[in-house]
Amino acid sequence: MNKPKLHLTSERNWMNDPNGLIYYKGKYHAFYQHFPYATQWGTMHWGHAVSDDMVNWTYEPIALFPSKPYDKNGCFSGSAIEVDGDLYLYYTSVKYIETEEDNTTVPKDNIFESSQAMIISKDGFNFDNFNDKSLIIPPIMDEKLGHYTHTRDPKVWKYKDNYYMIVGSKVKKADQEEHTGKLLYYRSKDAKTWEYINSFELHGLGDMWECPDIFNVNDNNILVMSPENYYTDGTYPTNNAVIGIVDFEEESCNTKFDKDDFRLADLGLDYYAPQTFIDKDGRRVQFGWLRMNKHFENHTWLGMMSLPRVIEVKNKEITTNVHPNISSLFIKEINIDNVDFSNPTCIKATLKDNSKISIGGYEITFENNIITANRTKVFNEEYVNLKASTPKLEDECNIEVYIDYGVIETYINKGQYVISHIVNPLENKLQIDNLSDFKIYTI
Ligand code: FRU
C-alpha cells in the first residue's frame, strides 16, 4: 500500500487542514478539508476518519458537503465541541460570487462570501446536511470590523458558563498598503446564538490570520495561527503556522501580543493550519496539515496529517513532542542494514559536532551547533523549502526522527524544535557519520 501507516491521508484525492478534532464518546474523530473528486483543491467538503488511539484510523463517509445557499461552494475549516452529548461542528460556509471561467470548483479572483455555520450530530457518525445545519454568523459587511471574503476558521471552546469562538480575519487601514491580520471573538450561552464581543489586530505579522487556535497549557495562554504572507522575502511557501505565548483574559477575550512573541510551529515549512484538542488523558494535542502541491507519481492521494503532537510549556518555553501513543509503538530495535522505510522507522540519536545522518538521501547534519535537514536529493517540487535549520543549539543535541512513507518528522531536544518534511518514497539506505550514540527502531 503506497501510503504512510501512521500519518492520516484521505482515502483518495485532495486533503488539507485538520478540522473538528475531538475525543467524543470514546473515539477520536478527525475531519479534514477534502476535495473528493480530484487531487487538487476545489469545492470543500469535510472528510472524516475515526480512531480508538490516533494510530489506526477508519474512514467514514464524507461528513459535510455543500447543501445550503450559504455553503453552496464549500465547507471551509472549523472545529468541534460536545454539548449535552451531541457533537457540534462549526465551519466557514462559502458562496462564490463567480467561478473561474473554466473551473466551477474554484472562485474567480479569490473573491467569495464567507459566513460561519454549524451542524449538530447526535452521534458523530450521522450528519444531516439538509436539516441540521444553521447559519450562525452572517457575512461581515462592515469593513472596519473584518473582511467580507477572508473571515474564517471558527475554533470554539467552553469557559465557565459560556462558549467562545475565535475566527481569523483581516482589515485594511487607509494609511497602510498591506492588510492587517485580525482576530474576532464571539460568545454564546447555548453554543448556537452568538454575539460579537472583542477583537485584536496587529500590523506586520502576515496579512490575514488563518486557523487561529487559542488555549491554556500549564497556566500559559498559547495562540497558534497560520498567517498568510508571513514571509515576504522570497522564502517559500509564504504562508506559515506560528505559535506563541500571549496575554489573554479568558472572560473578556482581551488579547495582547507582539510579532516577537511568535515562532514557527515547525521549521520544515510544510506544516500548516494546525489545530489542537484535548485527548482522552487531558493532554493538549495538535495535528497539522503536511501540505503537498503535487501527488507522488502514480499515487491517488495527496496531503497528510502530521503525527499527533503534545504541546506543553516548560520554563516559559513551548515544547512539541510526539504523542506517546505513537512513540510507544517503536520497541523493535533493528540493525542499520535492515532498514525498510516503507515501514515506520524511528532513529534516536545524540548529535555531536559534524554528525551526519543520511536517510535514503535525506540529510540531517549538525555543524557549528546548528541542525540542518536537507531534502534536496529526495524532493523535486518547486515553491517549497528544501532545507531547514535550527537556531544555534547546545554542543550535544538529541533527536528523534520519525520516518513514514513519504514523510520525515525530526523532534529536537525533547520538543524544543520540530522539522517536518514531505519526501519522495525513500531508498532503503541509512548512512551514519560521526555518530556513536544511535538506535533504530521499527514498530
Ligand atoms: C488553510 C485554509 C483555511 C480555509 C481552508 C480552505 O489552509 O485556507 O483558512 O478554511 O484552508 O480549504
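Residues numbered from 1 in each chain as written. Predicted model: local features only at pLDDT ≥ 70, side-chain atom pairs only at ≥ 80, totals over all residues. Heavy atoms only, no water.

Engineer: I'd like a rundown of the sheet that holds strand β31 (residues 370-374), residues and numbers included.
Structural biologist: Read across the sheet, five strands follow the order β32-β31-β30-β29-β36 without closing on themselves; strand pairing throughout is antiparallel. Each edge of the sheet is formed by a strand with only one pairing partner; in this case those strands are β32 (387-389) and β36 (430-433). Taken pair by pair, the neighbouring strands of this sheet meet at an average axis angle of 10 degrees, ignoring direction. Looking at chain direction, strand β29 (residues 355-359) and β36 are connected through four bridges and run antiparallel. The residue of β36 that forms the bridge with Lys356 is Asp433. (Pairing = 2+ DSSP bridges. Helix = DSSP H or I, 4+ residues; strand = E, 2+ residues; numbered from the N terminus. Axes fitted to C-alpha atoms, helices over the stretch in contact; angles between N-to-C directions.)

Engineer: Account for the site of the ligand, with residues named and values stated.
Structural biologist: Taken together, Asn16, Asp17, Gln33, Trp41, Met44, Phe76, Ser77, Arg152, Asp153, Glu210, Tyr272 and Trp289 are the residues near the ligand. A distance of 2.8 Å separates an oxygen atom of the ligand from a polar side-chain atom of Asp17. Between the ligand and the protein, one listed contact pairs an oxygen atom with a side-chain N or O atom of Gln33 at 2.7 Å. Compared with its free state, where it exposes 310 Å², the ligand has 92% of that area covered by protein. Those elements giving two or more residues to the shell around the ligand turn out to be β1 (13-24), β5 (74-83) and β11 (152-159). Among the residues forming the shell around the ligand, the class breakdown is five nonpolar, three polar and four charged. (Near = heavy atom within 4 Å. Polar contact = N/O pair within 3.5 Å; in protein donor to acceptor, adjacent residues only side chain to side chain. Areas by Shrake-Rupley, 256 points an atom, 1.4 Å probe, with all protein chains shown as cover. Nonpolar A, V, L, I, M, F, W, Y, C, P; charged D, E, K, R; others polar.)

Engineer: Please provide a residue-by-residue account of the side chain of Asp71, values included.
Structural biologist: Relative to the helices and strands, Asp71 resides in the loop between β4 (57-64) and β5. For Asp71, a relative accessible area of 0% gives the class buried. Here the side chain of Asp71 touches Tyr91 through a polar contact of 2.8 Å, side chain to side chain. Those residues in contact with Asp71, other than ones at most four positions away along the chain, are Phe65, Pro66, Tyr91, Ser93, Val94 and Lys133. (Buried < 20%, exposed > 50% of the residue type's maximum accessible area, 1.4 Å probe, protein only. Contact = heavy atoms within 4.5 Å.)

Engineer: Now, about the domain arrangement of the chain: what can you tell me, with residues and values included?
Structural biologist: Domain boundaries assigned for the chain yield domain 1 (13-324) and domain 2 (329-442). Between the C-alpha centres of domain 1 and domain 2 the distance comes to 30 Å. Each partner contributes to the interface: domain 1 provides 26 residues, whereas domain 2 provides 28 residues. Buried surface at the junction of domain 1 and domain 2, both sides included, amounts to about 2,200 Å², of which 59% is carbon and sulfur. In this structure, the connection of domain 1 to domain 2 is made through two salt bridges. Linking domain 1 with domain 2 are 15 residue pairs in polar contact (both at pLDDT 80 or more), by the criterion used here. In terms of residue count, the dominant contributor to the side of domain 1 that touches domain 2 is strand β26 (residues 317-322) (five residues). In terms of residue class, the side of domain 1 that touches domain 2 is built from 13 nonpolar, seven polar and six charged. (Domains from an automatic or database assignment. Buried area = accessible area lost by both parts, 1.4 Å probe. Salt bridge = Lys/Arg side-chain N within 4 Å of Asp/Glu carboxyl O.)

Engineer: Describe in detail the environment of Pro425, supporting the description with residues and values.
Structural biologist: Residue placement: Pro425 occurs in the loop between β35 (417-422) and β36. You can call Pro425 partly exposed: its relative accessible area is 37%. Separated by 257 residues in sequence, Pro425 and Gly168 place their C-alpha atoms 36 Å apart. Sequence-distant contacts of Pro425, defined by excluding residues within four places in its chain, comprise Phe296 and Tyr405.

Engineer: Can you lay out unusual backbone geometry for me, pointing to particular residues and giving the numbers?
Structural biologist: Of note, the bond from Tyr236 into Pro237 is cis; its omega dihedral lies within 30 degrees of zero at -10 degrees. Relative to the elements of secondary structure, Pro237 occurs in the loop between β16 (220-228) and β17 (242-245). Not every positive phi belongs to a glycine, and Asp84 is a case in point at roughly 45 degrees. Tracing the sequence through the fold places Asp84 in the loop between β5 and β6 (86-96). Positive phi, normally seen in glycine, also occurs at Lys414, with a value near 55 degrees. Position of Lys414 among the secondary structure elements: in the loop between β34 (407-412) and β35. On the accessibility criterion, Lys414 (58% relative accessible area) is exposed.

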